[in-house]
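Single-letter residue listing:
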Amino acid sequence: MEIAKSKEPGQSLNWRDIQQMTYTWHVACEAMRLAPPAPLAFKEALTDFTFAGFTIPKGWKTCWSVHSTHKNPAFFPNPEKFDPTRFEGDGPLPFTFVPFGGGPRMCPGKEYARLVILVFMHNLVTRFKWSKLIPNDKIIFKPVPFPEGGLPICLHPHKN
Ligand code: HEM
């Protein structure tokens, strides 16, 4: 809300504002941890390797799960709890929070996605009060996250 308070009504966000929206981004990250928009991705093994006692031969197609990494209690204690403070300080260990993948083929759209998400959240919060019409609408995976009831909401514009 610091950024929202510093703006005149109708004044647009600038790049410096975006860089300072740390808490908002932590909230978005925690939402993507619990419901990763891309919950799995495919890779081809370039060499033979062993993982968790399984030998994966070169050339095999593998599927890695963002979802199970994000729910691993060794990296995210009490993993079902929505807690944006997990991202404070140094945040999660490298390659444990991977909604955009990791390594050389990491999502090239990450920064653009961050920009769009932050601008959307800023405008939603500063312009509207909103409420869910289905209070306990669940997120289901088929295989991407989807609100079971379609997440209808009621938007009430702020007075000023
Ligand atoms: C919240 C939004 C987004 C999420 C969660 C997301 C997630 C991902 C993930 C998990 C991968 C696979 C990375 C890997 O295999 O290591 C990926 C790849 C990719 N993403 Fe995104 N993405 C998002 C938005 C975007 C946007 C906005 C663009 C383009 C403007 C984009 C373009 C791509 C491309 C081209 C690849 C393939 C990269 C490659 O194979 O070298 N993504 N994304």
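Residues numbered from 1 in each chain as written. Predicted model: local features only at pLDDT ≥ 70, side-chain atom pairs only at ≥ 80, totals over all residues. Heavy atoms only, no water.

A.B. asks: Sorry, what's going on with the pattern of salt bridges here?
C.D. replies: Oppositely charged side chains can pair when the atoms bearing their charge come close. Counted by the stated rule, this structure contains seven salt bridges. In this structure, the salt-bridge partner of Lys71 is Glu80, at a minimum N-O distance of 3.5 Å. Judged by its relative accessible area of 21%, Lys71 is partly exposed. Among the residues examined, Glu80 registers a relative accessible area of 57% and is labelled exposed. With its nearest N and O atoms 3.1 Å apart, the salt bridge here joins Arg114 to Glu111. Of this pair, Arg114 and Glu111 both sit in helix α5 (residues 110-127), separated by three residues, roughly a single helical turn. Residue classification places Arg114 among the buried residues on the basis of a relative accessible area of 11%. One connected set of salt bridges, linked through shared partners, spans Glu30, Arg33 and Arg86. (Salt bridge = Lys/Arg side-chain N within 4 Å of Asp/Glu carboxyl O. Buried < 20%, exposed > 50% of the residue type's maximum accessible area, 1.4 Å probe, protein only. Helix = DSSP H or I, 4+ residues; strand = E, 2+ residues; numbered from the N terminus.)

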